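Descriptive structure summary
The lines below spell out each chain.
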2 protein chains.
Amino acid sequence: MSTSVANAARSGSAGFSMPWLESAEITLSGPVLNFVAERRIFAEGDEARSYYKVISGVVRTCQFLSDGRRQIDAFYLPGDVFGFEPRPTHRLSAEAVSNCTVIAYRRRGPDTISAGDDRMVRHFFSYAMACLEQSRLHCLLLGRGSAAQKIAAFLLEMADRGDAPTIVDLPMSRQDVADYLGLTIETVSRTLSQMERDGTIALPTTRKVILRQRRVLEDLNA
Amino acid sequence: MSTSVANAARSGSAGFSMPWLESAEITLSGPVLNFVAERRIFAEGDEARSYYKVISGVVRTCQFLSDGRRQIDAFYLPGDVFGFEPRPTHRLSAEAVSNCTVIAYRRRGPDTISAGDDRMVRHFFSYAMACLEQSRLHCLLLGRGSAAQKIAAFLLEMADRGDAPTIVDLPMSRQDVADYLGLTIETVSRTLSQMERDGTIALPTTRKVILRQRRVLEDLNA
DNA sequence: CGTCTCCTTGAATTAGATCAATATGTGTGG
DNA sequence: CCACACATATTGATCTAATTCAAGGAGACG
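Residues numbered from 1 in each chain as written. Chains lettered and ligands numbered in written order. Predicted model: local features only at pLDDT ≥ 70, side-chain atom pairs only at ≥ 80, totals over all residues. Heavy atoms only, no water.

**Details of the overall build of chain A**
- When helices and strands are counted, chain A shows five helices and twelve strands.
- Sorting the 222 residues of chain A into buried and exposed places 51% on the buried side.
- Sequence separation of 24 or more characterises 69% of the internal contacts of chain A that already satisfy a separation of 6 or more. (Helix = DSSP H or I, 4+ residues; strand = E, 2+ residues; numbered from the N terminus. Buried < 20%, exposed > 50% of the residue type's maximum accessible area, 1.4 Å probe, protein only. Contact = heavy atoms within 4.5 Å.)

Okay, here's the thing in structure tokens:
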């Protein structure tokens, strides 16, 4: 249960919905794949032949520096789509953060997205734009934010993407958070502890955060 | 000569070439506009009604933090296209770094890009993907790079985009470089000075850099 | 030749990293 | 259920890279 990449291989069909976009929903079908935590879905340099939709669990995409340090680009929660890249090979790698199920939509042959049908192109275009916007915000945070600003923005982002507005369930480790925010694990831990001491948040367990004073977090950034 | 935004208003025609893309060239026509250094082309929140191609000079796009700190997203050199955004209003602002001429292609009415013709959509899709890739690399640099790594990557990027492989003309100020790399002006200056002392680069003037040992710069990152 | 802006350099400070030591889980097998 | 091992987190004590504060220089331009 802890090592092999299970491939259910059950050919299913699912709506490729992307609720954060205004574009029409597109239905794609493809095999359902299961991955377990820390397992590679695709690696940098792999041929980019599928797009993926997260059904359950969480996925991260990341890049590596030569010295082994890692920058996480994004976390994908159930409903999110990832695996999109402009070139025939992946520039990012994708890994399961927790046990997860994804649907893979395999591109036919070596065609690129821009050779797909028109409706698809428009849909993917919107998606790419949304990614771009997110990436730019990430740049702003990485380039100019203090540790507290980064953590605050991260907590608010996770809260907005989750169900409850003040209860954040962190599916990823402190190391993942650190690599997403360009910090070290110790700084992440210390900053969270400090916020708890200040009464801004509560940490009932390591993976659960309660936003006690959302306003304070919001004020840190804008 | 130093304040007004001259608008030549001469309706011209020019190839919208994007040499870093493999997609077909698209010809657009629009008014030719001239901007002088430090002048706003569009601001965050402005209605996004045009795309722009740089004819001469350099443009920067940037975001601001509430405390006034700035993150420069990209520099656009002659031939580059910018001004593209997913939403009806700009999330970035664009300013002339030096005196520059841009061609504006005005979108007709309130239509979005995805309502344009198909060829255009494919073209813009490729462009958006290229932007995304660049933004992700920028994130890696901002999140995980040391000052020296950032400066080295920047110099190599500028060298690759310029004409001569070892002579880099910097059209922007040290402050601009700092805001692009998430550093302070002093750190940029010190790092460049140190590289000159090490014999890695030469600085004949403040705006000109000669790469004496390209290899050393390359080794800093990957 | 003075003024203004941009750049460089130095000294002091600090936020965050690094190094090191617990602590808190979390799962396993007895 | 407990005892152990192993993962992951927290906390503390330094250290350091980069920032901040503070002068000076070097060009550009009238």
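This is not the end of the story, as more comes after the structure.
**Some details on the domain arrangement of chain A**
All names here are of chain A.
- Partitioning chain A into structural domains gives domain 1 (3-142) and domain 2 (147-221).
- Listed as interface residues are 16 residues of domain 1 and, on the opposing side, 16 residues of domain 2.
- Surface buried jointly by domain 1 and domain 2 totals about 1300 Å² across both partners, of which 59% is contributed by carbon and sulfur atoms.
- Between the two partners, domain 1 and domain 2, sit four salt bridges. (Domains from an automatic or database assignment. Buried area = accessible area lost by both parts, 1.4 Å probe. Salt bridge = Lys/Arg side-chain N within 4 Å of Asp/Glu carboxyl O.)

**Notes on the protein's contact with DNA strand C**
- Around DNA strand C, the surrounding shell holds 16 residues, and the nearest of these are Ala147(A), Thr187(A), Arg190(A), Arg174(B) and Ser193(B).
- Put simply, 62% of the atoms of DNA strand C that lie within 4 Å of the protein are in sugar or phosphate.
- Within the contact set of DNA strand C, a phosphate oxygen lies 2.8 Å away from a backbone nitrogen or oxygen of Ala147(A).
- The side chain of Arg207(B) places a nitrogen or oxygen atom 3.2 Å from a phosphate oxygen of DNA strand C.
- For the surface near DNA strand C, the secondary-structure elements that each account for two or more residues are α4 (185-197) of chain A together with α4 (185-197) of chain B.
- By residue class, the composition of the surface near DNA strand C is two nonpolar, eight polar and six charged. (Near = heavy atom within 4 Å. Polar contact = N/O pair within 3.5 Å; in protein donor to acceptor, adjacent residues only side chain to side chain. Nonpolar A, V, L, I, M, F, W, Y, C, P; charged D, E, K, R; others polar.)

**Things to note about the sheet that holds strand β11 (residues 201-205) of chain A**
Residue and element names in this part refer to chain A.
- The three strands lie next to each other as β10-β12-β11, forming an open sheet whose pairing is antiparallel. This sheet does not close on itself; its edge strands, each paired only once, are β10 (167-169) and β11. Neighbour-to-neighbour, the strand axes of the sheet open up by a mean angle of 25 degrees, direction not taken into account.
- Bridging between β10 and strand β12 (residues 208-211) involves three bridges; their strand directions are antiparallel. Residue pairing in the sheet places aspartate 169 in a bridge with lysine 208 of β12. (Pairing = 2+ DSSP bridges. Axes fitted to C-alpha atoms, helices over the stretch in contact; angles between N-to-C directions.)

**Observations regarding the protein's contact with DNA strand D**
- DNA strand D sits among 16 residues. The nearest are Arg174(A), Ser193(A), Ala147(B), Thr187(B) and Arg190(B).
- Restricting the count to atoms of DNA strand D within 4 Å of the protein gives a sugar and phosphate share of 62%.
- A distance of 2.8 Å is found between a phosphate oxygen of DNA strand D and a side-chain nitrogen or oxygen belonging to Ser189(A).
- Where the surface near DNA strand D is concerned, the elements lending two or more residues are α4 of chain A together with α4 of chain B.
- Examining the composition of the surface near DNA strand D, we find that four residues originate from one element, α4(A), more than from any other.
- Considering only residue class, the surface near DNA strand D consists of two nonpolar, eight polar and six charged.

**Here we look at the sheet that holds strand β6 (residues 70-76) of chain B**
All names here are of chain B.
- Read across the sheet, four strands follow the order β3-β8-β5-β6 without closing on themselves; strand pairing throughout is antiparallel. Looking at strand neighbours, the two that pair on one side only are β3 (40-42) and β6, the edges of this open sheet. Taken pair by pair, the neighbouring strands of this sheet meet at an average axis angle of 30 degrees, ignoring direction.
- Bridge count between strand β5 (residues 59-64) and strand β8 (residues 93-96): four bridges; the pairing is antiparallel. Across the sheet, the residue bridging to arginine 60 is glutamate 95, located in β8.
- Relative to the sheet, helix α3 (residues 174-181) contacts β5 and β6, its axis offset from that of β6 by approximately 105 degrees.

**So, the side chain of Arg70(A)**
- Of note, Arg70(A) is situated in strand β6 (residues 70-76).
- Separated by 2.7 Å, the side chains of Arg70(A) and Asp179(A) make a polar contact.
- If we skip the residues at most four places from it in the chain, Arg70(A) touches Arg60(A), Cys62(A), Gln63(A), Phe64(A), Glu95(A), Gln175(A), Asp176(A), Asp179(A) and Arg144(B).

**Focus on the environment of Leu156(A)**
Residues and elements named next belong to chain A.
- Mapped onto the fold, leucine 156 is located in helix α2 (residues 147-161).
- On the basis of relative accessible area, leucine 156 is assigned to the buried category, the value being 12%.
- Not counting chain neighbours up to four residues away, the residues in contact with leucine 156 comprise Leu211, Arg214, Leu217 and Glu218.

**Remarks on the environment of Ala222(A)**
Residue and element names in this part refer to chain A.
- As for its position among the elements, alanine 222 is in the segment after α5 (214-221).
- For alanine 222, a relative accessible area of 80% corresponds to the exposed category.
- Considered as a pair, alanine 222 and alanine 153 are 69 residues apart in the sequence and their alpha carbons are 9.9 Å apart.

**Observations concerning the pattern of salt bridges**
- Scanning all chains against the criterion turns up 32 salt bridges over all chains.
- The closest approach of N and O atoms between Glu47(A) and Arg49(A), which form a salt bridge, is 3.9 Å.
- Of the residues examined, Arg49(A) reaches a relative accessible area of 36% and is grouped as partly exposed.
- Between Arg161(B) and Asp80(B) there is a salt bridge, with the nearest N and O atoms lying 2.7 Å from each other. Of the two residues, Arg161(B) sits in helix α2 (residues 147-161) while Asp80(B) sits in the loop between β6 and β7 (81-82), which places them 81 residues apart along the sequence.
- A residue is classified by how much of its surface remains accessible, and Arg161(B), at 30% relative accessible area, is partly exposed.
- Residue classification places Asp80(B) among the buried positions, given a relative accessible area of 10%.

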